[in-house]
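Residue-level structural notes
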Amino acid sequence: MHELGVASALYEWALSQSRQVEPRRLLSIELEQDSLSGLNADSVDFGFRALATGTEVEGVRLEWHEVSPTYVCPRCSETSTSSAAPQGCLHCGGAVPRLARTDSLRVLSIEVE
Amino acid sequence: MTRLAVEKKVLSKNDEFAALVRDRFRERGTVAINILGSPGSGKTSLVERTAAWTRGRVPAAALSGDQATDNDARRIREAGLPALQITTGNECHLNAERILAVLDAPEVRNARLLLIENVGNLICPAAYDLGEDAKVAVLSVPEGDDKPEKYPALFQRAELLVINKIDMLALTDFSVDRAVAHARSVAPHLDAVALSTRTGEGLTLWFQWIENRLART
């Protein structure tokens, strides 16, 4: 249900980017979503399209990539990605890595005309 | 056509507010606990039970998030804890901006312990950092012991698993050991306590966990 909030944040950001790249046109936004983000990409797409209708970002495509979540070791602070919760740190072996606080949805790039 | 690299978190606005909230908590020495779980898992009753324990021990307050009504804040106030209701309307989670907006309210300004009862939901609230010290996941016996594997994001982000309503164990196939095993399969770091907010059994473990968190800050 919080997809609409995410779509709205994305829409506002897309508008600001669209104005920055003028006179070129914003065509697409490449997104990276971790598998624990709890987000339904179709719902974000739907919300984004609804908000964008009739604005300068109408027609901008969202391109999705799903990646494994990032974990941080509380002892050595090294990060690693894993599809399953790691049982120990691969770097120091001393502690159980924790899910990174936030980075479940990131914009990687934009495509402009 | 040109592709331009960006690298931006979509929820970064919330993260900025969360950092402000965290700074304020640090300045005040407030320990904030974000309590998450399904509707009906017993989040409010856990806060009610904690209200009695805090009396004479630690200045405490509560924030309660719901889509509608101030029922929970009223219940918590009746239990003796200053409490504010945050009504989220159509939103299914609390966000850091909403927390920041109430931090100077007289009910919460001087709290050393702040219990934040999030909107009942196992998915969305886990994605939002509220600037808290720790997230606590509440799972109740009638929900079934496999929920941690079905909703891993919440349990991975939590520090503590509270298994509530153990007074109902005899009525179900729920196994506390299995629930803890499921939770640790997705979140090996997780501490766990089993309790009943109705009978009071096991509550001392929860209070002990809070005392440890308070001692750390």
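Our structure's up above, just so we're on the same page.
About the criteria used
- Residues numbered from 1 in each chain as written.
- Chains lettered and ligands numbered in written order.
- Predicted model: local features only at pLDDT ≥ 70, side-chain atom pairs only at ≥ 80, totals over all residues.
- Heavy atoms only, no water.
- Phe/Tyr/Trp six-rings, centres within 6.5 Å; stacked < 30°, edge-to-face > 60°.
- Helix = DSSP H or I, 4+ residues; strand = E, 2+ residues; numbered from the N terminus.
- Core = buried A, V, L, I, M, F, W, Y, C linked by side-chain atoms within 4.5 Å.
- Buried < 20%, exposed > 50% of the residue type's maximum accessible area, 1.4 Å probe, protein only.
- Contact = heavy atoms within 4.5 Å.
- Axes fitted to C-alpha atoms, helices over the stretch in contact; angles between N-to-C directions.
- Parallel < 35°, antiparallel > 145°, perpendicular 65-115°, else oblique.
- Nonpolar A, V, L, I, M, F, W, Y, C, P; charged D, E, K, R; others polar.

Residue and element names in this part refer to chain B. Scanning all chains against the criterion turns up 2 aromatic pairs over all chains. Note on Trp53 and Phe207: the rings are 5.0 Å apart at their centroids and 5° apart in plane angle, and the pair reads as stacked. Here Trp53, found in helix H2 (residues 43–54), pairs with Phe207, found in helix H8 (residues 203–216); they are 154 residues apart in sequence, far enough to count as distant. Residues Trp206 and Trp209 carry aromatic rings whose centres are separated by 5.8 Å and whose planes lie at 10° to one another, so their mutual orientation is stacked.

Formed by 30 residues in total, the largest nonpolar core has its most connected members in B:Ile33, B:Leu81, B:Leu113, B:Leu115, B:Val162, B:Trp206 and B:Trp209. Of all the secondary-structure elements, those providing two or more residues to this core are strand E2 (31–37), H2, strand E3 (60–66), helix H3 (71–78), strand E5 (113–117), strand E6 (134–140), strand E7 (160–164) and H8 of chain B. Examining the composition of this core, we find that 6 residues originate from one element, H8(B), more than from any other. Excluding anything up to four places from it in sequence, B:Leu81 contacts B:Val47, B:Ala51, B:Thr54, B:Ala60, B:Ala61, B:Ala62, B:Ile76 and B:Leu115. With 26 residues, the next largest nonpolar core counts A:Leu15, A:Val44, A:Val107 and B:Val10 among its residues.

Moving on, we get to the packing of H2(B) against H8(B). Residues and elements named next belong to chain B. Where H2 contacts H8, the axes come no closer than 11 Å and their chain directions differ by 70°. Compared by their axis directions, H2 and H8 come out roughly perpendicular. Along its contact with H2, which presents Leu46, Arg49, Thr50 and Trp53, the element H8 presents Leu203, Trp206, Phe207, Ile210 and Glu211. Across the contact of H2 with H8, the residue classes break down as 6 nonpolar, 1 polar and 2 charged.

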